[in-house]
Amino acid sequence: MTDPALDAETLRERAVASLVVARDRTTLLTSCVEDPDLTAQHSPLMSPLVWDLAHIGNQEEQWLLRAVAGQEAIRPEIDSLYDAFEHPRAERPSLPLLSPGEARRYAADVRGRALDVLERTAFDGPRLTEAGFAFGMIAQHEQQHDETMLITHQLRKGPAALTAPDPEPVTPYTGPAEILVPGGPFTMGTSAEPWALDNERPAHLREVAPFWIDATPVTNGAYQAFVEDGGYDDPRWWTPEGWAHVRRARLTAPLYWRREGGQWLRRRFGVTEQVPPDEPVLHVCWYEADAYARWAGRRLPTETEWEKAARHDPATDRSRRYPWGDADPTPEHANLGQRHLRPAPAGSFPAGASPLGVRQLIGDVWEWTVSDFLPYPGFRAFPYKEYSEVFFGPEYKVLRGGSFAVDPVACRGTFRNWDHPIRRQIFSGFRTARSAGDA
């Protein structure tokens, strides 16, 4: 969430603010439950919350205290415990992890020292500190783990531990169902955004054929029609891999949905409620999104199409930072930052629409695309290949746009997320597209 034109002191202030916001959120997510809930593993897909807490501190120590400031390690013996590549999530509860109290003290100690480092670091030095990149990277890393911890809270059984106001009621969207995006070249990715991560770089030209894209994400009501039309029982709509997964996992509806008393209910952060038909559908995997699109006679957009719809301004022929322009997000633009614990109704945030009128491209739900996670032409891993490079390939599908659980510091028009096509505990939804020549 940084403007390329900002001076060093403004960037420094933003770095401090971003780190503080991230830590306040981490504190909320780890203080709203008792210690047994912090040390428990609520799903084999996720780490215990206490692992995330200490991992956040350990990454901050390794990059800001050791790599940037050249300081000696505080607790080198714990590095391997909090190495995400050394220990799969399912194994982490069996490790000799720091207790909740120890993890809090460790993270606080690291943070105090990191803020001292930030005050005396020049932003015109090596690439790691240029424009405050390392500090922005760590703020993004913490917010990404905060989103992961929020997913764990959703998986957690028991009464609600988190509360947040609902999005403001809106006038139902009555605009066009789909919007034509003209063909032609546009600039994808970025070479100028100071805190952009390696997989967003470099900026490069892409040629895109004209296509239609949904004006809003697909809603629960629309997806319910697919479910009730027997979509989960008809192999016509599924890829062979998707159909095998549906049968193996016995999928019948989005995660957390259940049919009861003639209506669809869902569990959301410890509360059971009727599925709201006007909200973007949530907790669907790539296979489910792809099957719905086929059933509807459409397809998922490519990652390139998604970014052109989100960033390209036909009037100026330039790519914006966000759909609405270059200004940082505000609550009028998008549903971000765990301000709410649910998506806003489809069609919300007219101030955040793209130049062509596509809404909610940023925030609310991560949107699956048809694209595999691959490097851009000229990609260079930085500052470590494990952030992006080791994930490139057909095993992962790209998601774009962020969700209500994503902080603005980790959400841009160029930001790329990725996951296995079977994953649906994440805050994922989608919108559909079709080529301009299709009927």
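Relevant structure appears above.
All of these numbers come straight from a predicted model, not from anything done at the bench. (Residues numbered from 1 in each chain as written. Predicted model: local features only at pLDDT ≥ 70, side-chain atom pairs only at ≥ 80, totals over all residues. Heavy atoms only, no water.)

Now for helix α6 (residues 220-228). If you check which residues of α6 are buried, you get Asn220, Tyr223, Phe226 and Val227. The arc enclosing the buried residues of α6, seen along the axis, measures out at 115 degrees, which places them on a common side. Where α6 terminates, the next one or two residues include Gly230, which has phi positive at roughly 80 degrees. (Buried < 20%, exposed > 50% of the residue type's maximum accessible area, 1.4 Å probe, protein only. Helix = DSSP H or I, 4+ residues; strand = E, 2+ residues; numbered from the N terminus. Arc of directions from axis to C-beta.)

So, about helix α3 (residues 49-68). Spanning 20 residues, α3 covers 27 Å between terminal C-alpha atoms, matching the ideal 28 Å at 1.5 Å per step. Of all the bends in α3, the greatest, near 30 degrees, is centred on Glu61. α3 sits mainly inside the fold: 16 of its 20 residues count as buried. In the stretch just after α3, Gly70 is the one whose phi turns positive, near 70 degrees. (Expected span 1.5 Å × (residues − 1). Bend = angle between axes of the 7 residues up to and from the residue.)

Counting through the fold element by element, Thr190 comes out in the loop between β2 (184-188) and β3 (204-208). On the accessibility criterion, Thr190 (8% relative accessible area) is buried. Those residues within four positions of Thr190 in sequence are excluded, and the remaining contacts are Ala196, Glu200, Arg201, Pro202, Ala203 and Thr414. (Contact = heavy atoms within 4.5 Å.)

The next subject is the pairing of strand β10 (residues 366-373). Along β10, 6 of the 8 residues are buried, which leaves the element largely enclosed by surrounding structure. Pairing of β10 with strand β13 (residues 428-429), which is carried by 2 bridges, proceeds in the parallel orientation. Counted as the bridge partner of Glu367 is Gly429 from β13. (Pairing = 2+ DSSP bridges.)

Okay, the environment of Pro383 next. With respect to the helices and strands, the residue Pro383 is situated in the loop between β10 and β11 (393-400). Here the alpha-carbon distance between Pro383 and Trp368, two residues 15 residues apart in the chain, equals 27 Å. Beyond its immediate stretch of four places on either side in the chain, Pro383 contacts Trp63, Leu128, Phe133 and Met137.

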